[in-house]
Amino acid sequence: MTIVIIIVSLLVLTSIVGILKRNRVLFNSGYFLYGLIVFVAELGNYSDNGEIIHLSIAFLWLVQSCLAIPNKLHYDGGKIAKSAGVKIFACYTVINAFGIILAINSDYLAMPIAIIHGILAVLPLIPMYLILANKIQISD
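Since we're looking at a predicted model, the values are computed, not measured. (Residues numbered from 1 in each chain as written. Predicted model: local features only at pLDDT ≥ 70, side-chain atom pairs only at ≥ 80, totals over all residues. Heavy atoms only, no water.)

**Re the overall build of the protein**
Secondary structure assignment for the protein yields six helices and zero strands. Reading the protein from its N terminus to its C terminus gives the helix and strand order α-α-α-α-α-α. Relative to the globule expectation of 14 Å for 140 residues, the C-alpha radius of gyration of the protein, 15 Å, shows essentially globular dimensions. Along the first, second and third principal axes, the C-alpha set of the protein runs to 45 × 25 × 20 Å. For the protein, the proportion of its 140 residues judged to be buried stands at 36%. Counted over contacts in the protein with a minimum sequence separation of 6, partners at least 24 positions apart contribute 72%. (Helix = DSSP H or I, 4+ residues; strand = E, 2+ residues; numbered from the N terminus. Rg over C-alpha atoms; globule rule 2.2 N^0.38 Å. Buried < 20%, exposed > 50% of the residue type's maximum accessible area, 1.4 Å probe, protein only. Contact = heavy atoms within 4.5 Å.)

This is the structure:
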């Protein structure tokens, strides 16, 4: 399972680089792919033991992936685009904060996964602040 930790760490690094470069597509790519990995893994867990919690977790991270679909659309920088960006980043934070709780209460790679979710919960707060403080433009 070390390979899984390496892969998801690279996805977290992708989102960090996206913030540093102020590249929305790169930032969202990390969240998009991470959500898909969790979705597939939890569907596998659900098929193994039939516990509904695994199906619930799978679809929650599928929601994250849907929110994070990378696109190169140009936003006009208006209030609607800012509002949507802030709400989407807030969803990333809430979903991954829930991931911290799940990881801590799990026996499966609890600490590394909790740390990864912690980073993924904090990262969206940076662009959220930058948008709200008018320090970055919404458009590419």
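Still more ground to cover, so stick around.
**Some remarks on the packing of helix α2 (residues 24–49) against helix α3 (residues 52–67)**
Relative to each other, α2 and α3 sit at 165°, their axes nearing to 8 Å. When the axes of α2 and α3 are compared, the pair comes out roughly antiparallel. Read as a crossing pair, α2 and α3 show a hand that is left-handed. For the pair α2 and α3, contact is made by Tyr31, Phe32, Tyr34, Gly35, Leu36, Val38, Phe39, Glu42, Leu43, Asn45, Tyr46 and Asn49 and by Ile52, His54, Leu55, Ile57, Ala58, Phe59, Trp61, Leu62, Gln64 and Ser65, respectively. For the contact of α2 with α3, the class distribution of residues is 15 nonpolar, six polar and one charged. (Axes fitted to C-alpha atoms, helices over the stretch in contact; angles between N-to-C directions. Parallel < 35°, antiparallel > 145°, perpendicular 65-115°, else oblique. Left-handed = near helix turned anticlockwise from the far one by under 90°. Nonpolar A, V, L, I, M, F, W, Y, C, P; charged D, E, K, R; others polar.)

**Focus: the side chain of Ser15**
Assignment of secondary structure puts Ser15 in helix α1 (residues 2–20). Discounting chain neighbours no more than four positions away, the residues touching Ser15 are Leu26, Phe27, Gly30, Tyr31 and Leu123.

**Some remarks on the environment of Leu67**
Within the fold, Leu67 resides in helix α3. Exposure remark for Leu67: the relative accessible area of 28% places this residue in the partly exposed category. Expressed as a C-alpha distance, the spacing of Leu67 and Ile7, which sit 60 residues apart in the sequence, is 21 Å. Those residues within four positions of Leu67 in sequence are excluded, and the remaining contacts are Ile88, Cys91 and Tyr92.

**Overview of the packing of α2 against helix α4 (residues 79–104)**
At a minimum axis distance of 13 Å, the contact between α2 and α4 shows a crossing angle of 40°. What the angle tells us is that α2 and α4 run oblique. Pair α2 / α4 crosses with left-handed handedness. Each of Phe27, Asn28, Tyr31 and Tyr34 in α2 lies in contact with α4, whose residues at this interface are Phe89, Tyr92 and Asn96. Here the contact of α2 with α4 is built from residues that sort into five nonpolar, two polar and no charged.

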